[in-house]
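# Commentary on secondary and tertiary structure
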Amino acid sequence: MDYASTEEREIYFWKSIADLKLDIEKSEEDLIENYALTIAKKAIRKEINIDYAFSQMLKIVSASEYNYRYIAFYEIDEDLNYLRYSNSTLYNTELTLENSKEFILEEMKIFVEMEELNIFPEERAKWYCETCKNLNNPITKNKFQFKKPFKYAVWTCGICGSEKLKYNSNHDVKRIIIEKSKKN
Ligand SMILES: [Zn+2]
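Bear in mind that the values here come from a model prediction, so they are computed numbers and not experimental data.

### Points about the pairing of strand E4 (residues 151-156)
- Pairing of strand E3 (residues 139-144) with E4 involves six bridges; the strand directions are antiparallel. From the neighbouring strand, Lys143 faces E4, where its bridge partner is Tyr152.
- In textbook terms, the turn of a hairpin is the stretch between consecutive antiparallel strands, and for E3 and E4 this stretch comprises six residues.

Okay, here's the thing in structure tokens:
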């Protein structure tokens, strides 16, 4: 997949999408989703290289205008840059430069499962509370302290008010969301 210019790569990307156009009536959004599922499934079956699959997912993120389905791949890419330059992450605390390939592969598996279960964006947005063990919509709570800033906001569980929350980009939380969706 070595092309001379970004433009050629761009053309190749849209041609790949067009090749999947079996049903002429399908919307661009559906075509992008079909392509994303094809890429992820091939990566899971080891038919394509994970780095190549990840680069295609990043193109899908921008082609879909940052649709919630693919946003996790954008967040991983951002975090990989943060790890390279400041040794920290914004979204995925479990991600490291060493485990990135397995982490991305797990994200592909989660992506396929969430799409096949057709999990709504509201469900995917939930966080997990380690105190009451529930998925919940977190709410902010104002707190006070005797140093600056005196007043600050923290995220708390929407059910019990605990601050012990796991963010929804966490793979364990995504697995809990998937399991709950299978039961419903
Ligand atoms: Zn709670």
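Read on, since the account is not over.
### Overview of the nonpolar core
- Formed by 30 residues in total, the largest nonpolar core has its most connected members in Met57, Ile60, Met108 and Phe111.
- Elements that contribute at least two residues to this core include exactly helix H1 (6-19), helix H2 (28-44), helix H3 (50-63), helix H4 (71-86) and helix H5 (100-116).
- Not counting residues up to four positions away in its chain, the partners in contact with Met57 are Ala36, Ile39, Ala40, Phe73, Met108 and Phe111.
- Judged by nonpolar contacts, the second largest core, of eight residues, contains Met114, Tyr128, Val173 and Ile177.

### Considering the coordination of the zinc ion
- The coordination sphere of the zinc ion contains the protein donors Cys129 (SG), Cys132 (SG), Cys157 (SG) and Cys160 (SG), at a distance range of 2.3 to 2.4 Å.
- Coordination geometry of the zinc ion: the four donor atoms subtend angles of 106 to 113° at the metal centre, consistent with an arrangement described as tetrahedral.
- Spacing between the donor residues of the zinc ion along their common chain follows C-x2-C-x24-C-x2-C.
- Relative accessible area serves as the criterion here: at 2%, Cys157 is assigned to the buried category.

The rules behind these values
- Residues numbered from 1 in each chain as written.
- Predicted model: local features only at pLDDT ≥ 70, side-chain atom pairs only at ≥ 80, totals over all residues.
- Heavy atoms only, no water.
- Pairing = 2+ DSSP bridges.
- Helix = DSSP H or I, 4+ residues; strand = E, 2+ residues; numbered from the N terminus.
- Core = buried A, V, L, I, M, F, W, Y, C linked by side-chain atoms within 4.5 Å.
- Buried < 20%, exposed > 50% of the residue type's maximum accessible area, 1.4 Å probe, protein only.
- Contact = heavy atoms within 4.5 Å.
- Donors = N, O, S within 2.8 Å, 3.2 Å for Na, K, Ca; no water.
- Tetrahedral: all angles 85-135°; square planar, octahedral: opposite > 155°, others 65-115°.

In short, the description is geometric, and any link to function would need to be established separately.
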